[in-house]
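# Summary of the model geometry
If you want the building blocks of each chain, they are given just below.
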Amino acid sequence: MQGLPRVTKTDEKKMATDKVVIRRALLGVSDKTGLVEFARVLERHGIEILSTGGTKAALDKAGIRVKAVEDFTGSPEMLDGRVKTLHPKIHGGILARRADPSHQEQMRRHGIEPIDLVVVNFYPFEQTVAKPDVTLDDAIENIDIGGPTLVRAAAKNHDDVTVVVDASDYAAIAQEIEANGGKTTASTRYRLARKAFARVAAYDAAISNYLGTHTGGDDGPLGETFSITLEREQGLRYGENPHQVGALYGNFLKIAEQLHGRELSYNNVIDISSAINLIIEFQNEPKAVVAILKHNTPCGVGIGDTMKSAWDKAFATDPDSPFGGIIIANRPWDLEFARAVDELFTEVLIGPDYQPPDLSIENPREAKVVTKRAPNHAELRAMQFGIKVAKHIKSNAIAFVTEDRTLAVGGGATSRIDPVYAAREKAARLKVSLQGSVLVSEALFPFPDGPTLAAEAGATAIAQPGGSTRDDEVIAAADRFGLAMVFTGVRHFRH
């Protein structure tokens, strides 16, 4: 974006050399991991340590010299510890600009001494509300007030103050203090300030999201707003198009480990996510399953006794599209399957090292039979297969299927009938017979033309959500052609 301030190379060079000595530190942490070891480094460099409550008790027990915040401020803790650090001598010592003569004069006048290091982590709100038996009162009591206030103040004044919110940073900060005679560099303080503001944002978002689920009344369990904060996992090769930039945030790489190849692009990530979500539907399938995706939508899925036979069925659906696509399987790849895939260029190959929670999928045997003829066992098996596939095809999706393969796929259209035309035409062009197939639609058919086109193409049964104002006309059309049709009552629309 134009016009926004950026950190220049000159700024970075200045940060690398602009060191600030730490003479006084304020430590107040809920998680005591690594606290004592870090405090020993501060003590060794003659840094005065201020603390309160449980943190002070832990340092006292370890034999580390520490001054109580109430002795530093001259004001006692009050309101059951709710007010400890909310005091001008604390926040003045953090926020005062060291190079500003006016600030320094005011500090002398009011007896305020500088605080150069703030080490704080917050009350465990996220952990508290994750407990199944948590009450709203428990959640409220675990909202930290003083901690985020201290962190925001220290991060704002990072030119002069070092702020630490993550115990994993202790070792690096201790090493820098040791190497620089009790000082930290500006680049380190700037990095820690960014991390501090991110932590405050995530903490506040967690509170807002939790309270949003307790709005009550007509609002139900969803709040007026919902906030998400994610850490960057890695940069991407490019964004949605090569002239755009992109980065990956969240836990994607914890479930999809890249073994080799070029750095991922934005589109690779979206395609991989879609492929994984599709193969999840077949996690209980005892046979081999292979799916081919292109542009974030399936273009062929097959089930077979071997990986190669499943691949052959998936590839036969649409031999034109797999070039440059994504291939995913529910089993470890064998040599025969790998050699077949190696005959064409693919962007991403995905193996089965991912075990997510089960996701809901409709069982056609529990669906409502709305036609005079009920589907037979083979048609029900084909419906079960097709429902899993159609759920992952974009926008008004349909698929002509048998019980172990896709025959023709249609989707990505603004009308509910165009995908049927498109799938029929592609099947005809590729000389794929649709006789005896089952048509599965993720969208309802609002007019009789849906069953009519399906029957003319050779389909014998239909599974669809139902719910059109013209359902009676649609059912009548299916009965005229002797089709078996079920209403699942659930739509899986994907943009």
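Because the structure is predicted, anything quoted here is derived from the model rather than measured. (Residues numbered from 1 in each chain as written. Predicted model: local features only at pLDDT ≥ 70, side-chain atom pairs only at ≥ 80, totals over all residues. Heavy atoms only, no water.)

## So, the overall build of the protein chain
Short version of the rule: Strands here are runs of E lasting at least two residues and helices are runs of H or I lasting at least four, both read from the DSSP assignment and numbered beginning at the N terminus. The quantity called the radius of gyration is restricted to C-alpha atoms. Its globule counterpart is 2.2 Å times the number of residues to the power 0.38. Using a 1.4 Å probe on the protein chains alone, a residue whose accessible area is under 20% of its type maximum counts as buried, one over 50% counts as exposed, and one in between counts as partly exposed.
Regarding its fold elements, the protein chain presents 19 helices and 19 strands. For the protein chain, whose C-alpha radius of gyration is 31 Å, the value lies well above the compact-globule estimate of 23 Å for 495 residues. For the C-alpha atoms alone, the extent of the protein chain along its principal axes is close to 95 × 55 × 45 Å. Buried positions account for 46% of the 495 residues belonging to the protein chain.

## Observations regarding a nonpolar patch on the surface
Counted only if it meets this: Here the term patch refers to residues with relative accessible area over 30% and no salt bridge, with like charges joined within 9 Å and nonpolar side chains (Val, Leu, Ile, Met, Phe, Trp, Tyr) within 5 Å. Surface accessibility in these figures is a Shrake-Rupley result with a 1.4 Å probe; residues are shielded only by whichever protein chains are displayed. Salt bridges are counted wherever a side-chain nitrogen of Lys or Arg sits within 4 Å of a carboxyl oxygen of Asp or Glu.
A contiguous nonpolar surface patch, about 490 Å² in accessible area, is contributed by Phe226, Ile228, Leu230 and Tyr249. Position of tyrosine 249 relative to the elements: it lies in strand β9 (residues 247–249). A residue is classified by how much of its surface remains accessible, and tyrosine 249, at 44% relative accessible area, is partly exposed.

## Re the environment of histidine 392
What counts, and what does not: Polar contacts here mean pairs of N or O atoms no more than 3.5 Å apart (in protein, one a potential hydrogen donor and the other a potential acceptor; neighbouring residues in sequence count only if both atoms are side-chain atoms).
By the element assignment, histidine 392 lies in the loop between α16 (377–390) and β15 (398–401). Within polar-contact distance, the side chain of histidine 392 engages the side chain of glutamate 281 at 3.1 Å.

## As for the nonpolar core
Our working definition: What we call a nonpolar core is a set of buried Ala, Val, Leu, Ile, Met, Phe, Trp, Tyr and Cys residues that are connected through their side-chain atoms within 4.5 Å. What makes two residues a contact is simply this: any of their non-hydrogen atoms within 4.5 Å.
In terms of nonpolar packing, the biggest core is built from 50 residues, with Leu27, Leu42 and Ile94 touching the most fellow members. In terms of residues, this core owes the most to one element, helix α11 (residues 186–212), which gives eight residues. What isoleucine 94 contacts, discounting residues up to four positions off in sequence, is Ile115, Val118, Leu150, Ala153, Ala154, Asn157 and Val161. In this structure, Ile276, Val289, Ala399 and Val486 belong to the second largest nonpolar core, which totals 41 residues.

## Observations concerning the packing of helix α5 (residues 88–95) against helix α9 (residues 146–156)
Any two packed helices are characterised by the angle at which their axes cross and by the distance between the axes. Heads up, the condition is: Convention adopted: a line fitted to C-alpha atoms gives each axis, helices being fitted over their contacting stretch, and angles between N-to-C directions are expressed from 0 to 180 degrees. If an angle is under 35 degrees, it is roughly parallel; if it is over 145, roughly antiparallel; if it lies from 65 to 115, roughly perpendicular; otherwise it is oblique. Note: crossing handedness is left-handed where the near helix turns anticlockwise from the far helix by less than a right angle, and right-handed where it turns clockwise. Ten residue types, Ala, Val, Leu, Ile, Met, Phe, Trp, Tyr, Cys and Pro, are classed as nonpolar, four, Asp, Glu, Lys and Arg, as charged, and the remainder, Gly among them, as polar.
Across the interface, α5 lies against α9 with an axial gap of 8 Å and an inter-helix angle of 30°. Overall, the two elements α5 and α9 adopt an arrangement that is roughly parallel. The interaxial crossing formed by α5 with α9 has right-handed handedness. Note on element contacts: α9 touches α5 through Thr149, Leu150, Ala153 and Ala154, opposite Ile90, His91, Ile94 and Leu95. The class makeup of the residues in the contact of α5 with α9 is six nonpolar, two polar and no charged.

## Concerning the sheet that holds strand β16 (residues 406–410)
Stated formally: Each pair of strands is called paired provided DSSP finds at least two bridges between the two strands.
What the six strands build is an open sheet, ordered β14-β19-β18-β17-β15-β16; its pairing is mixed. Of all the strands in the sheet, the pair left with one neighbour each is β14 (368–369) and β16. Alignment of β15 against β16, held across four bridges, turns out to be antiparallel. Residue pairing for β16: isoleucine 398 is matched across the bridge by glycine 410.

## Re the sheet that holds strand β4 (residues 67–68)
Pairing is parallel in the open sheet, where five strands are placed in the order β4-β3-β2-β5-β6. Lying at the two open borders of the sheet, with one neighbouring strand each, are β4 and β6 (162–164). Of the pairings in the sheet, the one linking strand β3 (residues 48–51) to β4 comprises two bridges and is parallel in character. In the strand pairing of β4, leucine 50 is matched with lysine 67. Here helix α2 (residues 35–44) sits on the sheet in contact with β2 (24–29), β3 and β5 (117–121), set at roughly 175° to β2.

## Remarks on the packing of aromatic side chains
Formally: Only the six-membered ring of Trp is used, alongside the rings of Phe and Tyr, when aromatic pairs are assigned; centres must lie within 6.5 Å, and planes under 30 degrees apart are stacked while those over 60 apart are edge-to-face, with the rest tilted. Criterion for a charge above a ring: Arg CZ or Lys NZ at most 6 Å from the ring centre, at most 35 degrees from the ring normal.
Under the definition given, this model contains nine aromatic pairs. Ring plane angle 10° and centroid distance 4.7 Å describe the contact between phenylalanine 38 and tyrosine 170, whose orientation is recorded as stacked. Here phenylalanine 38 is found in helix α2, whereas its partner tyrosine 170 is found in helix α10 (residues 170–179), with 132 residues between them in sequence. When sorted by exposure, phenylalanine 38 lands in the same class as tyrosine 170, which is buried. On the basis of an interplanar angle of 55° and a centroid distance of 5.8 Å, the ring pair of phenylalanine 282 and phenylalanine 385 is categorised as tilted. Of the two residues, phenylalanine 282 is situated in the loop between α13 (266–280) and β10 (288–294) and phenylalanine 385 in helix α16; the sequence distance between them amounts to 103 residues. For the pair formed by phenylalanine 282 and phenylalanine 385, the shared burial category is buried. Among the aromatic side chains, those forming a connected cluster through ring pairs are Phe122, Phe125, Tyr203 and Tyr210. Taking NZ or CZ as reference, arginine 194 lies 4.8 Å from the ring centre of tyrosine 190, over its face.

## Some points on the pattern of salt bridges
All chains considered together, the criterion is met by 23 salt bridges. A salt bridge links glutamate 347 to arginine 262; the nearest nitrogen and oxygen atoms lie 3.7 Å apart. On the criterion of sequence distance, the pair formed by glutamate 347 in strand β13 (residues 346–350) and arginine 262 in the loop between α12 (252–255) and α13 is long-range, its members being 85 residues apart. Owing to a relative accessible area of 54%, arginine 262 belongs among the exposed residues under this scheme. The partner of aspartate 404 in a salt bridge is lysine 313, with the nearest N and O atoms 2.6 Å apart. Taken together, the residues span a long stretch of sequence, with aspartate 404 in the loop between β15 and β16 and lysine 313 in helix α14 (residues 307–317) at a distance of 91 residues. If you follow the salt bridges from partner to partner, you end up with Arg24, Glu48, Lys67 and Glu113 in one network.

## A few points about the side chain of asparagine 209
By the element assignment, asparagine 209 lies in helix α11. Apart from the residues lying within four places of it in its own chain, the contact partners of asparagine 209 are Thr225, Phe226 and Ser227.

## Looking at the confidence of the model for the protein chain
Formally: Confidence of the prediction at every residue is given by pLDDT, a number between 0 and 100.
Model confidence for the protein chain is summarised by a mean pLDDT of 87, while 93% of its residues fall at 70 or above. Looking at the elements of the protein chain, mean pLDDT is at its lowest for helix α1 (residues 9–17), recorded as 51, and at its highest for strand β19 (residues 484–487), recorded as 96.

## Digging into the environment of valine 370
With respect to the helices, strands and loops of the structure, valine 370 is situated in the loop between β14 and α16. Under the relative-accessibility criterion, valine 370 is labelled buried at 16%. Separated by 108 residues in sequence, valine 370 and alanine 478 have C-alpha atoms that sit 9.4 Å apart. Residues contacting valine 370, with those up to four places away along its chain left out, are Ile475, Met485 and Phe487.

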